[in-house]
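Okay, here's what each chain looks like letter by letter:
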Amino acid sequence: MIEKQNLHTHSIFCDGKNSLEEMVMEAINQGFTSIGFSSHAYTAFPFDECGIKSKEKEKEYLDTLSFLKEKYRGIIKIYSGLELESRDAFSLSPLAPSTLDYSIGSVHYFWKGDKSWPIDYTAEYFLKAKEAFGSFRSLIDSYWEEVIRFMCVSDYSILGHIDLVTKFIEREKWDFQSYSWYKEGAEAVITEAKKRGKIIEVNTGAMSKGYRTTPYPSSFILSMIKERKVPITITTDCHDKAYLSYGMEEAKTMLREKGFKEYMLLGDNGFYPVSL
């Protein structure tokens, strides 16, 4: 039996469109053998429109997953996760609750002191952040630094959308990816991911929303990942059940063409490799 899994999914507990059970039923309909839920964790930041809104809601989310695990036992495996933000209102180093099966670590904001700008909200916000930092290089160097800092202080499992800063480049025709400093920053992140034992996701989320024609991360970063033998997993960053498997087969084809032989799935005893 071919295993089919998606570990980056969202629901109405954060900024998704569907209930957890609706997502589970769609996964069953699409032949998934397992599904993991990774709602945006509670941060308590007043500007955070995506995260779970309170600690009480976060508990309800995890309790609902526990209920669904039992309800659908023997039909589909369900894994409890959170997408941790690199900072929250209480800590610069958020840790995953021990009750989780896995977690994703992501950076969604540019930070300059106590000021922040969303990376992937709109191109206009991105350019406001660039203006505050003075250049694309200063801005994106700060992003790489935040990704590395978060890796060093948090125990999450999967490194989320490693080059989120490229979400708007196809539409806006920004060319910062072509510069050596950009590639050096990406390489530093991959080197740290290898050192810290992180799994890097190949994420089709921006494809389903029409922003990108290829997954995160970009092709040359994937080549670096392969060269350094950093493990990968394949996700869709799904916020709508209609896109639960969007682009996954295309991503697998692309990875095979680049010479990848395997990717990681989550099981009851942790992550394990499967053939592409």
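Fair warning: this is a prediction, and the values are worked out from it, not measured in the lab.

What counts as what
Residues numbered from 1 in each chain as written. Predicted model: local features only at pLDDT ≥ 70, side-chain atom pairs only at ≥ 80, totals over all residues. Heavy atoms only, no water. Buried < 20%, exposed > 50% of the residue type's maximum accessible area, 1.4 Å probe, protein only. Helix = DSSP H or I, 4+ residues; strand = E, 2+ residues; numbered from the N terminus. Arc of directions from axis to C-beta. Contact = heavy atoms within 4.5 Å. Core = buried A, V, L, I, M, F, W, Y, C linked by side-chain atoms within 4.5 Å. Pairing = 2+ DSSP bridges. Disulfide = S-S within 2.5 Å.

S.K.: Can you help me understand helix α8 (residues 219–228) in this one?
M.R.: Along an α-helix, residues three or four apart share an orientation, since each turn contains 3.6 residues. Where α8 is concerned, the buried positions are Ile221, Leu222, Met224 and Ile225. For α8, the angular spread of buried residues about the axis comes to 155 degrees, placing them on one side. Residues of α8 that are buried in the fold lie against α6 (180–196), β8 (199–203), β9 (232–235) and α9 (248–257). Of the residues one or two after α8, Lys229 is the one with positive phi, at around 60 degrees.

S.K.: Teacher, can you tell me more about the nonpolar core here?
M.R.: Here is a general trend for soluble globular proteins: nonpolar side chains tend to be buried in one another's company. Phe110, Phe126 and Phe176 are the most contacted members of the largest nonpolar core, which has 76 residues in total. Among the elements that line this core, the one with the most residues is helix α4 (residues 136–153), at eight residues. Look past the residues within four positions of Phe176 in its chain and what remains in contact with it is Phe126, Phe136, Ile140, Val165, Thr166, Ile169, Trp181 and Tyr182. Among the nonpolar cores identified, the runner-up in size contains eight residues, and Leu7, Tyr102, Ile199 and Met264 belong to it.

S.K.: How should I be thinking about the sheet that holds β9 in this particular structure?
M.R.: Hydrogen bonding along the main chain pairs the strands of a sheet, whether they run parallel or antiparallel. Strand order in the open sheet formed by seven strands is β1-β2-β3-β4-β7-β8-β9, with parallel pairing between adjacent strands. Both edges of this open sheet fall to β1 (5–6) and β9, since each of them pairs with a single strand only. Relative to strand β3 (residues 77–85), strand β2 (residues 34–40) runs parallel, the two sharing seven bridges. Paired with Ser34 across the bridge in β3 is Lys77.

S.K.: Honestly, the state of the cysteines in this entry has me stumped. Any pointers?
M.R.: Think of a disulfide as a covalent bridge from one cysteine sulfur atom to another cysteine sulfur atom. Using the criterion set out here, one finds zero disulfides in the structure. Free cysteine Cys14: the closest other cysteine sulfur is in Cys50, separated by 7.7 Å. The buried category is assigned to Cys14, whose relative accessible area is 14%.

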